[in-house]
Amino acid sequence: MDIKILPLEEGELKEIPNVNLGFGRHMTNRMFTQKYTPERGWHEATIGPYRPICLDPATVVFHYAQEIFEGTKAYRRPDGHINIFRTWENMKRFNASARRMAMPVVDEEEHLAAIIQLISLDHEWVPSRPGTSLYIRPVMLATEVALGVHSSREYLHFVILSPVGAYFKEGFSPVSVYIEHNYRRAAKGGTGAAKTGGNYAASLLVGEQARARGYSQVLWLDAAEGRYIEEVGAMNICFVYDGKHVVTPPLTGSILPGVTRDSVITLARDLGYTVSEEMIDVYQMLADVESGKITEAFGCGTAAVIAPVGKFGYRDKEYPVNNFEVGPVSRHLYQELTDIQYGRIKDRFNWTYLIEANGAGGR
Ligand SMILES: *Cc1c(COP(=O)(O)O)cnc(C)c1O
């Protein structure tokens, strides 16, 4: 792919923020874009200034939510260079989501090359304070102008970058998770395994209700029986039994196959824990939390990496996990995984790709 690089115009060079980054509030100077039509395929691959997109009010995506996205990160290494972490897995998942949403796939290699080039150009935006990173957000939108319900003929694919702050502001600390018993996130055969905006739209009401109750995350149960544990909506979920056995629900089609989930499974085995993918009954899980058989629970996703659960709430009852303290297994996995991501230890799994801070890439 030949990427056209457009210069930034005066006034388009923003000041790089350094403190109070938050999540997704600041965007870098540049973005990648390309367009799709059936006649030309993907074309006009461009890295240019970060700018608003102008779309007709009758554009398909506004009405029927034909949209997919990804989320991956770049990390500042101690030597000043930059690591991206398993971003090629996100490219594969982007195409899996595209297929499910009847959208055209992109060339995975070219998509990755475009991201690397974009980061190289905006490399100064990768923050270096502890816990900070550069969030990478690829998106594809249906851009045909038509109100009839059908798969769009035209698409826009873009990638934007956002420097983000540490997920845990007061240090690695537990989160409260509300188990939703009424609403469901995704059913088998639905779109739960695709990273598509509609899944999030459908979950916002419950997220608001959980926050009003003092919980920061929602744990979803399966749609058929409302009994088996699925995931936390932007994170997968793991339980630790007796301090040594890690269990997470299997990929049955209604949960998102997380890159962090996969990394945790591989890493935990490597560190000597046993890991299994099993259906987990919510009543059994809560009984195991109460008896102390479950010693820890944690969410895993790109944003937090590992988010230890301090308590579950279910039908007006609270279930503290490990006395609302961070447990040793969560801490161990968090430390090892972030050490690999930031390049503080040797990457024995080949999960990272180094981008030189002067722009040139290479492993
Ligand atoms: C993105 C996402 C995750 C986490 O996936 P990672 O690849 O680990 O970031 C989990 N669940 C849902 C619904 C998601 O959208």
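Counting from 1, residues in each chain are numbered in the order their sequence is written. pLDDT decides what is reported in this predicted model: residues at 70 or higher carry local features, side-chain atom pairs at 80 or more are listed and counted, and totals for whole chains, interfaces and linings draw on all residues regardless. Heavy atoms from the whole structure form the basis of all side-chain values; hydrogens and water molecules are not counted.

1. Comments concerning the domain arrangement of the protein
Formally: For each domain, the first and last residues come from an automatic or database assignment. Contacts are assigned to residue pairs with any non-hydrogen atoms lying within 4.5 Å of each other. A 1.4 Å probe defines the accessible area here, and the buried area is the portion of it lost by two parts on being joined, summed over both. One side-chain nitrogen of Lys or Arg within 4 Å of one carboxyl oxygen of Asp or Glu is enough to make a salt bridge.
The domain boundaries assigned to the protein delineate domain 1 (4-165) and domain 2 (175-341). Between the C-alpha centres of domain 1 and domain 2 there is a distance of 27 Å. Contacts between the two partners involve 18 residues from domain 1 and, on the opposite side, 19 residues from domain 2. Summed over both partners, the interface of domain 1 with domain 2 comes to about 1600 Å²; 56% of that surface belongs to carbon and sulfur atoms. Where domain 1 touches domain 2, the interface holds 1 salt bridge.

2. Quick look at helix 3 (residues 108-121)
Which entries qualify depends on this criterion: Secondary structure elements follow DSSP: runs of H or I of four or more residues count as helices, runs of E of two or more count as strands, with numbering from the N terminus. Under the convention used throughout, the expected extent of a helix is 1.5 Å for every residue step, that is, one less than its residue count. For every residue, the accessible area (1.4 Å probe, protein chains only) is compared with the maximum for its type, and the residue is labelled buried under 20%, exposed over 50%, or partly exposed between those bounds. A 3.5 Å cut-off defines polar contacts: any pair of N or O atoms within that distance qualifies, except that in protein one atom must be a possible hydrogen donor and the other a possible acceptor, and neighbouring residues in sequence count only when both atoms are side-chain atoms.
With 14 residues, helix 3 ought to run about 20 Å at 1.5 Å a step, and its terminal C-alpha atoms sit 20 Å apart, in line with that. Taken as a whole, helix 3 has its buried residues at His 111, Leu 112, Ala 114, Ile 115, Ile 116, Leu 118, Ile 119 and Ser 120. Its side-chain oxygen at 3.0 Å from the backbone nitrogen of Glu 109, Asp 107 defines the N-terminal cap of helix 3.

3. Quick word on the side chain of Ser 162
Looking at where Ser 162 falls in the secondary structure, it is placed in strand 8 (residues 155-164). Here the side chain of Ser 162 touches His 26 through a polar contact of 2.7 Å, landing on its backbone oxygen. Setting aside chain neighbours within four positions, we find Ser 162 in contact with Gly 24, Arg 25, His 26, Met 27, Thr 28, Ser 133, Leu 134 and Tyr 135.

4. Some words on the site of the ligand
Here is the rule we go by: For each residue, the test is whether any non-hydrogen atom lies within 4 Å of the molecule or strand; if one does, the residue is near. Note on areas: Shrake-Rupley with a 1.4 Å probe; residue coverage comes only from the protein chains shown. Gly is put with the polar residues, along with every residue not named as nonpolar or charged; the nonpolar set is Ala, Val, Leu, Ile, Met, Phe, Trp, Tyr, Cys and Pro, and the charged set is Asp, Glu, Lys and Arg.
Near the ligand there are 15 residues, and of these Lys 195, Tyr 200, Glu 231, Thr 260 and Thr 302 occur at the shortest range. Between Arg 93 and the ligand, the recorded distance is 2.8 Å, taken from a side-chain N or O atom to an oxygen atom. Tyr 200 places a polar side-chain atom, nitrogen or oxygen, 2.5 Å from an oxygen atom of the ligand. When the ligand is considered free in solution it has 380 Å² of accessible area, and contact with the protein chains removes 97% of it. In terms of residue class, the shell around the ligand is built from 5 nonpolar, 6 polar and 4 charged.

5. Observations concerning the nonpolar core
Nonpolar side chains in soluble globular proteins tend to be buried together. Test applied: What we call a nonpolar core is a set of buried Ala, Val, Leu, Ile, Met, Phe, Trp, Tyr and Cys residues that are connected through their side-chain atoms within 4.5 Å.
Counting residues in hydrophobic clusters, the biggest one holds 51 residues, and the most contacted among them are Ile 179, Leu 219, Ile 229, Phe 239, Val 246, Met 285 and Phe 312. Taken together, the elements giving at least two residues each to this core come down to strand 9 (175-179), strand 11 (236-241), strand 12 (245-248), helix 6 (259-270), helix 7 (282-291), strand 14 (294-301), strand 15 (305-314) and helix 8 (328-341). Ranked by the residues each element gives to this core, the list is headed by strand 15, at 6 residues. Excluding residues within four positions of it along the chain, Leu 219 makes contact with Val 177, Tyr 178, Ile 179, Glu 180, Ile 229, Glu 231, Val 232, Ile 237, Met 285 and Phe 312.

6. Focus on the packing of aromatic side chains
Each aromatic ring pair is described using two quantities: the centre-to-centre distance and the angle formed by the ring planes. Which entries qualify depends on this criterion: Aromatic rings from Phe, Tyr and Trp, taking only the six-membered ring of Trp, are treated as a pair when their centres fall within 6.5 Å; an angle between ring planes under 30 degrees marks them as stacked, one over 60 as edge-to-face, and anything in between as tilted. The rule for a charge over a ring is simple: NZ of Lys or CZ of Arg within 6 Å of the ring centre, and within 35 degrees of the ring normal.
Under the criterion given, the structure shown has 14 aromatic pairs. When the ring of Phe 349 is compared with that of Trp 351, the centres are 4.3 Å apart and the planes differ by 25 degrees; the resulting orientation is stacked. These aromatic residues form a ring-pair network of at least three members: Tyr 167, Phe 168, Phe 172 and Tyr 334. Across from the ring centre of Tyr 215, 5.0 Å away, lies the NZ or CZ of Lys 311, which sits over that ring.

7. With respect to the pairing of strand 8
Cut-off, in case you're wondering: Whether two strands pair comes down to DSSP finding at least two bridges between them.
With 10 of 10 residues buried, strand 8 is to be regarded as a mostly interior element. Burial of strand 8 is two-sided: the residues Tyr 155, His 157, Val 159, Leu 161 and Pro 163 facing one way and the residues Leu 156, Phe 158, Ile 160, Ser 162 and Val 164 facing the other way are all buried. Bridge count for strand 2 (residues 30-37) against strand 8 is 5 bridges, and the pairing is antiparallel. For Tyr 36, the partnering residue across the bridge sits in strand 8 and is Tyr 155. As defined by bridge partners, strand 7 (residues 133-142) adjoins strand 8 across 10 bridges and the pair is classed as antiparallel. From the neighbouring strand, Ile 136 faces strand 8, where its bridge partner is Leu 161.

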